[in-house]
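A closer look at the structure
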Amino acid sequence: MPDSLADRIWDRLQTIRDDGLERTLRPPSGIDFSSNDYLGLSADPRVRQAMIDAVARGGAGSTGSRLLRGEREDFADVERKFAAFKGTERALYFSSGYLANIAVLTTLAERGDVIFSDELNHASLIDGARLSSAARVVFPHSDVAALEPLIAEYSAEKQAFIVTESLFSMDGDIAPLEDYAALCRATGAALIVDEAHAVGVCGERGTGLIEEAGLDPDSCVSINTAGKALGVCGAFVAGPEWAIDYLIQRARPFIFSTAPPPSVAAALMASLDIIVSEPERRARLASRVSRLHDALMANGLALPCEPSHLVPVMIGDNHRAMAAAEALQAQGFDVRAIWPPSVPAGTARLRISVNAMLDDDTIDRFAAALADVFRKILLSSVSSVVESSSG
Ligand SMILES: Cc1ncc(COP(=O)(O)O)c(C=O)c1O
């Protein structure tokens, strides 16, 4: 039994190190096959300049909560713009997608309600459901047939919520949103959709998979992160007036937190303008996705799901996944391994992301390198993968 908190934590750290599972902070290096900057907007000169101008105009910080002295026109402007883009009555900006998910689930779901949560949902949705006073039922991944009887069983006389990502961040597959919407209409359940990896990219207008599924955007509450395809940071919760108004009144992560710097709202105005006016960026990303999928197939790698800009390469064993990522990094490709608890035990993987800035030659070279590393992983021990790929 360790005798102080420090001893206990050092023990825990030692176990992580002994297991070879220590996580390290590693800045970007090599060609980007791992960021969420799908459209390359984080570096766009117009987005950068909008942020610089806003800092020059309004200072670095917001100085308070939005309900106190932290409120600025920049926030109201960008919220109006995002709501118009998404096609919802209202939108509310949060300083991160993580906090937005916590806010939505802890504020809208109450004691006596039931949250039905997809088993592969992001940690922020899991944490939001855990922190809420509602009961939680985890349902098998995207399995509407399994969910239907669960709703009948658990939610009599209570408000039910179906909570899902639209494009799953670690698996690259798409939730059956039309089926969930139909189930909500039939049962009175409410639909909460995390569009983190779809907003800016999916749908004819780039507003996300709610649009692609043909749903009324106000028939659900969506969380749309602004730090991925939108290239900045934060997240918009979008939906009907009543939901947004109530979040302003009651959402603790909104009320009890300093507002983000107003400059991020200004940068997001520029970023949304680009997404609306330059659909060719989405088309370019789609062509990059097809190119990578075709190149991987040509190199003998079959992928588990429909092509999207998120490509999981399942490896299983943690150390093999790490060795595969290291081998690709050694060849100049910035690929990261993901292992438990970020993903379920036994499903360590490479999470490869595609962005619109990649050219054909880079994609082809990467596909060949990935296929080579994958074959070595299957055939050999962990240490020889790193040695032979980098040597
Ligand atoms: C599906 C999903 N939801 C929410 C978040 C959290 O968003 P943010 O990074 O803005 O906190 C992420 C980010 O990793 C995500 O992948």
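Quick look at the structure, then. Keep in mind it's a predicted model, so treat the numbers as computed, not measured.

Calculation criteria
- Each chain has its residues counted from 1, running along the sequence as written.
- Whole-chain, interface and lining totals are the exception, using all residues; otherwise, since this is a predicted model, local features are given only for residues with pLDDT of at least 70 and side-chain atom pairs are given and counted only at 80 or more.
- Note that water and hydrogens are dropped before the side-chain values are worked out from all heavy atoms of the structure.
- In this text, helices come from DSSP runs of H or I with a minimum length of four residues, and strands from runs of E with a minimum of two, each type numbered from the N-terminal end.
- Each radius of gyration is computed over the set of C-alpha atoms, and the globule rule expresses the reference value as 2.2 Å times the number of residues to the power 0.38.
- Burial classes: relative accessible area under 20% of the type maximum marks a residue as buried, over 50% as exposed, and values in between as partly exposed (1.4 Å probe, protein chains only).
- Any two residues having at least one pair of non-hydrogen atoms within 4.5 Å are treated as being in contact.
- His is not counted, nor are the chain ends, whereas Lys and Arg count as positive and Asp and Glu as negative.
- Just so you know, the charge point we use is NZ for Lys, CZ for Arg, CG for Asp and CD for Glu.
- We define the nonpolar core as a collection of buried residues of types Ala, Val, Leu, Ile, Met, Phe, Trp, Tyr and Cys that are connected through side-chain atoms lying within 4.5 Å of one another.
- If even one non-hydrogen atom of a residue comes within 4 Å of a molecule or strand, that residue is called near it.
- The definition of a polar contact used here is a pair of N or O atoms within 3.5 Å, where within protein one atom must be able to donate a hydrogen and the other to accept one, and adjacent residues in sequence count solely through side-chain atom pairs.
- Per-residue and other accessible areas were derived by the Shrake-Rupley procedure at a 1.4 Å probe size, with only the shown protein chains allowed to occlude residues.
- Residue polarity follows a fixed list, in which Ala, Val, Leu, Ile, Met, Phe, Trp, Tyr, Cys and Pro are nonpolar, Asp, Glu, Lys and Arg are charged, and the others, Gly among them, are polar.
- Between any two strands, at least two bridges found by DSSP are needed for them to pair.
- Fitted lines through C-alpha atoms give the axes, limited to the stretch in contact for helices. The angle between two N-to-C directions lies from 0 to 180 degrees.
- Working definition: rings of Phe, Tyr and Trp (its six-membered ring) pair if their centres are within 6.5 Å, and the pair is stacked with planes under 30 degrees apart, edge-to-face with planes over 60 apart, and tilted otherwise.
- Helices are assigned an expected span. That span is 1.5 Å times one less than the residue count.
- Should the near helix be turned anticlockwise from the far one by less than a right angle, the crossing is termed left-handed; should it be turned clockwise, right-handed.

Scanning the protein chain from N- to C-terminus turns up 15 helices and twelve strands. Computed over its C-alpha atoms, the radius of gyration of the protein chain comes to 22 Å, within 12% of the 21 Å expected for a compact globule of 391 residues. Principal-axis analysis of the C-alpha atoms places the extent of the protein chain at approximately 60 × 50 × 50 Å. Taking all 391 residues of the protein chain together, the buried fraction comes to 51%. Taking as baseline every contact in the protein chain between residues at least 6 positions apart, the subset at least 24 positions apart corresponds to 72%. With 36 positive and 53 negative side-chain charges, the protein chain shows a separation of 5 Å between the mean positions of the two kinds.

Moving on: the nonpolar core. The biggest cluster of nonpolar side chains holds 94 residues, and the ones touching the most others in it are Ile162, Leu350 and Ile352. In terms of residues, this core owes the most to one element, helix H14 (residues 360-379), which gives nine residues. Residues contacting Ile352, with those up to four places away along its chain left out, are Phe33, Leu292, His309, Leu310, Val311, Val313, Val335, Phe366 and Leu370. By size, the runner-up hydrophobic cluster in this structure holds 26 residues, among which are Phe94, Ala103, Ala243 and Ala251.

What surrounds the ligand is a group of 14 residues, the closest being Gly97, Tyr98, Asp194, His197 and Lys228. Between Tyr98 and the ligand, the recorded distance is 2.9 Å, taken from a backbone N or O atom to an oxygen atom. Side-chain polar atom of His197 to an oxygen atom of the ligand: 2.6 Å apart, as the coordinates give it. If the ligand stood free it would expose 390 Å²; the protein chains cover 79% of that surface. For the shell around the ligand, the element with the highest residue contribution is helix H4 (residues 97-108), accounting for three residues. Across the shell around the ligand, the residue classes break down as two nonpolar, nine polar and three charged.

Taking strand neighbours across the sheet as the criterion, the seven strands line up as S2-S8-S7-S6-S5-S3-S4 in an open arrangement whose pairing is mixed. Sheet topology places strand S2 (90-94) and strand S4 (135-139) at the edges, where each strand pairs with a single neighbour. Within the sheet, the average angular offset between the axes of one strand and its neighbour, ignoring direction, is 20 degrees. Inspection of the sheet shows strand S5 (residues 160-165) paired to strand S6 (residues 190-194) by five bridges, in the parallel sense. If you follow Phe161 over to S6, its bridge partner there is Ala190. The sheet contacts of helix H3 (residues 73-86) involve S2, strand S7 (220-225) and strand S8 (235-239), and relative to S2 the element is tilted by about 130 degrees.

Next up on the list: the side chain of Ser117. Mapped onto the fold, Ser117 is located in strand S3 (residues 114-118). According to the relative accessible area criterion, Ser117 is buried, its value standing at 6%. Apart from residues no more than four positions distant in its own chain, Ser117 is found in contact with Val137, Val138, Phe139 and Val163.

To continue, consider the packing of aromatic side chains. A ring pair, where both rings are aromatic, is described by two values, the distance of the centres and the angle of the planes. For the structure on display, the rule yields nine aromatic pairs. Residues Phe82 and Phe236 carry aromatic rings whose centres are separated by 4.3 Å and whose planes lie at 5 degrees to one another, so their mutual orientation is stacked. With a gap of 154 residues between them, Phe82 in helix H3 and Phe236 in strand S8 connect regions that are remote in the sequence. Consider the rings of Phe139 and Tyr180, whose centres lie 6.0 Å apart with planes at 75 degrees: the pair is edge-to-face.

Our focus in this paragraph is H14. The end-to-end C-alpha distance of H14 is 29 Å, a good match for the 28 Å that 20 residues give at a rise of 1.5 Å each. The set of residues buried in H14 consists of Thr362, Ile363, Phe366, Ala367, Ala369, Leu370, Ala371, Val373, Phe374 and Ile377.

Here we come to the sheet that holds strand S12 (residues 348-353). The strands making up a sheet are joined through hydrogen bonds of the backbone, oriented either antiparallel or parallel. The sheet built from three strands is open, its strands ordered S9-S12-S11 with antiparallel pairing. Each end of this open sheet is capped by a strand with a single partner; those strands are strand S9 (310-316) and strand S11 (336-338). Here the strands of the sheet are splayed against their neighbours by 30 degrees on average, with no regard to which way each runs. This element, helix H13 (residues 318-330), spans S9, S11 and S12 of the sheet and lies at about 35 degrees to S12. In the packing of H14 onto the sheet, contacts are made with S9 and S12, and the angle to S9 comes to roughly 15 degrees.

Remark: helix H12 (residues 280-298) packs on H14, axes separated minimally by 9 Å, with the N-to-C direction vectors making an angle of 35 degrees. Considering only the axes of H12 and H14, their crossing is right-handed. For the pair H12 and H14, the contacting residues are Arg288, Arg291, Leu292, Ala295 and Leu296 in the first and Asp360, Ile363, Asp364, Phe366, Ala367 and Leu370 in the second.

It is worth stressing that arrangement in space is one thing and function is another; only the former is reported here.
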